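Each chain, written out:
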Amino acid sequence: MCGIVGAIAERNITAVLVEGLKRLEYRGYDSAGLALFNTEGALERRRRVGKVAELERALAGEPLAGRLGIAHTRWATHGAPSENNAHPHFSGNDLAVVHNGIIENHEALRERLKGLGYVFSSDTDTEVIVHLLDHKLQELGDLTTALKATVAELHGAYGLAVISAKQPDRLLAARSGSPLVIGLGHGENFLASDQLALRQVTDRFMYLEEGDIAEIRRDSVQVWDASGRPVQRETVQHREGAEAADKGEYRHFMLKEIHEQPSVVQRTLEGRLGQQQVLVDAFGPQAAELFAKVRNVQIVACGTSYHAGMVARYWLEELAGVPCQVEVASEFRYRKVVVQPDTLFVTISQSGETADTLAALRNAKALGYLASLAICNVGISSLVRESDLTLLTQAGPEIGVASTKAFTTQLVALMLLTLAVGRARGSLEGAVEAGLVEELRRLPARLGEALAMDRTVEKIAELFAEKHHTLFLGRGAQYPVAMEGALKLKEISYIHAEAYPAGELKHGPLALVDSDMPVVTVAPNNELLEKLKSNLQEVRARGGELVVFADREAGLDNGEGTHVVHVPHIADALAPILYTVPLQLLSYYVAVLKGTDVDQPRNLAKSVTVE
Ligand code: HGA
């Protein structure tokens, strides 16, 4: 979602800010802007609706130079995506703020500030922050002290960056509910909402924690914690992953990330498999003891991660014999929940900053769960920090807004969880675990074979380019895979797509099937195949065009209106992971044919850090 970049240096930092914004572009946004303390000693800003390229064009026409500045990409929550609403927001001519998040008491603050004579020039919640800060600054005289007093009055979530022409020796930051990281340089320092934005200038980072306020100068950084005490935050050095913001030989990040799946799945398995069993300690030192007590599992997640959780429900009940419930976080967090004794609370999120999932975890803490486990792709995220146990997926930064490699690595992590819980409870036979461990070792190679279907799927995609609707069918653990397939197609090709458990077809959706509604089915070679074959007949009988992804041994072949794509053979339990790949490729190629913005689909954003 929104991105923040800031810098204080001895050189002109305009290019650093613009490059930082570009590196955050993948998160999705509607406008961008920056403000600099210019060479004449005044604050100046440029803002544009649309892509960072628009802002760059504006800067090319009217250049801006300075050694202290803040920049922002906005994904509107309060007020339309317009130039007036784009950040940075100013109070007078000498104070500027950029903000990620939502200020919940903005209406009350706005009324109060209007009463004090402030005139608002935007519809955003953010503008109350800058005027309140100005008011405090006039009262208290020092910018850092004024920021501390300001945040004490804000309700909601924020990551803030602040500069003032009155005290141009510092860049200030405040974090509550929205991540911020300081990038450490030599004689210069930086700030961003994601370290990716700063990989061009440093590999040393200091992550701010909830409630922290930071005063960043050219050659020093001072942090205060939520209680106002000065604290030292650890400096971490990241050596790998600088290349992640680069598409390499691929046309889109999404295609690159689809093709990375064999290697990131391999990385997710590394260090977690023994000879014949999953290494439970991978989940944390107390995991073995806790897992032995688990009598229920509650999974909470959003979007693609929710689909991963739905697959895990089939695995946990079938293989580990544990009752499992799965719910979307935005529902769970506002519902009165009855907690069964000894329930493990599992959250799944790529970024670990998903607002609804984080809120659900925070609520769950008071409800008496046995323990919380986060399955997450970002080790330094809030979700990880606030959970008792963690299993990190090793997908690396995911830039395409439509999640691909994060999903398959989440599935791998959830299979590891299933096996670990099953063994700890004594409900999974050693031989079954050993067999699946062996299959997991082979999984990266199988995924590589599935990627070799690339060209075949590209051809099949032509069937969809002119269609307006698509139905996805699956049975058992392939039903959530069908849901994920439908979500991908919706997200990037804007074709209306729905997923149904195949057995539900005749209870309603069959009425919609005609030549404008192709039907996509995932049909591995398991005991549900015969039933699925009858469902397919039902579609053919109504003139619907069928695309079936099936095991070679499934006994399904091409026919009139039926296109069968053979998927490499795999053990049933792992089929959901493998069958995801051709569905990702399908949505990708349909989107390419339709000419949509594959990596940054309209209206969507990566890492949904607002409610
Ligand atoms: N509420 C602010 C910032 C929005 C945001 O953080 N989006 O991710 C606005 O609407 O400008």
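Model, not experiment: these values are computed from the prediction.

Some thoughts on the UniProt feature "domain: SIS" (unreviewed entry) in the protein
This chain's UniProt record puts "domain: SIS" (unreviewed entry) on residues 287-427 and 460-601. In residues 287-427, helix accounts for 45% and strand for 20%; the two terminal C-alpha atoms are 16 Å from one another.

What about the UniProt feature "active site" (unreviewed entry) in the protein?
The UniProt record annotates "active site" (unreviewed entry) at Cys2 and Lys606. Here Cys2 is to be found in the segment before strand E1 (3-8).

Things to note about the sheet that holds strand E2 (residues 31-38)
Spatial ordering of the open sheet is given by E3-E2-E4-E1-E10-E9-E11-E15, a layout of 8 strands whose pairing is antiparallel. Both edges of this open sheet fall to strand E3 (43-49) and strand E15 (235-237), since each of them pairs with a single strand only. Each adjacent strand pair in this sheet contributes to an overall mean axis angle of 20°, direction not counted. Along the sheet, helix H1 (residues 14-24) makes contact with E1, E2, strand E4 (66-74) and strand E10 (189-192), crossing E1 at roughly 160°. Across the sheet, helix H2 (residues 52-61) touches E2, E3 and E4, and the angle it forms with E3 is around 135°.

So, the nonpolar core
In this structure, Phe283, Phe291 and Phe549 are the most contacted members of the largest nonpolar core, which totals 95 residues. By residue number, the principal contributor to this core is helix H18 (residues 575-594), which donates 13 residues. The residues touching Phe549, leaving out its near neighbours within four places in the chain, are Met453, Val457, Val520, Thr521, Val522, Ala523, Val565, Val567, Tyr579, Pro582, Leu583 and Leu586.

Quick look at the sheet that holds strand E5 (residues 89-91)
Taken together, 7 strands build an open sheet; the order of strands is E5-E6-E7-E8-E12-E13-E14 and the sheet is antiparallel. Either end of the sheet is taken by a strand with one partner, and the two such strands are E5 and strand E14 (230-231). Where strand E12 (residues 213-216) and strand E13 (residues 221-224) come together, 4 bridges link them in antiparallel fashion. Pairing of Glu215 across the sheet is with Gln222, part of E13.

Basis of the calculations
Residues numbered from 1 in each chain as written. Predicted model: local features only at pLDDT ≥ 70, side-chain atom pairs only at ≥ 80, totals over all residues. Heavy atoms only, no water. UniProt positions renumbered as here; feature names shortened; annotations may be inferred. Helix = DSSP H or I, 4+ residues; strand = E, 2+ residues; numbered from the N terminus. Pairing = 2+ DSSP bridges. Axes fitted to C-alpha atoms, helices over the stretch in contact; angles between N-to-C directions. Contact = heavy atoms within 4.5 Å. Core = buried A, V, L, I, M, F, W, Y, C linked by side-chain atoms within 4.5 Å. Buried < 20%, exposed > 50% of the residue type's maximum accessible area, 1.4 Å probe, protein only.

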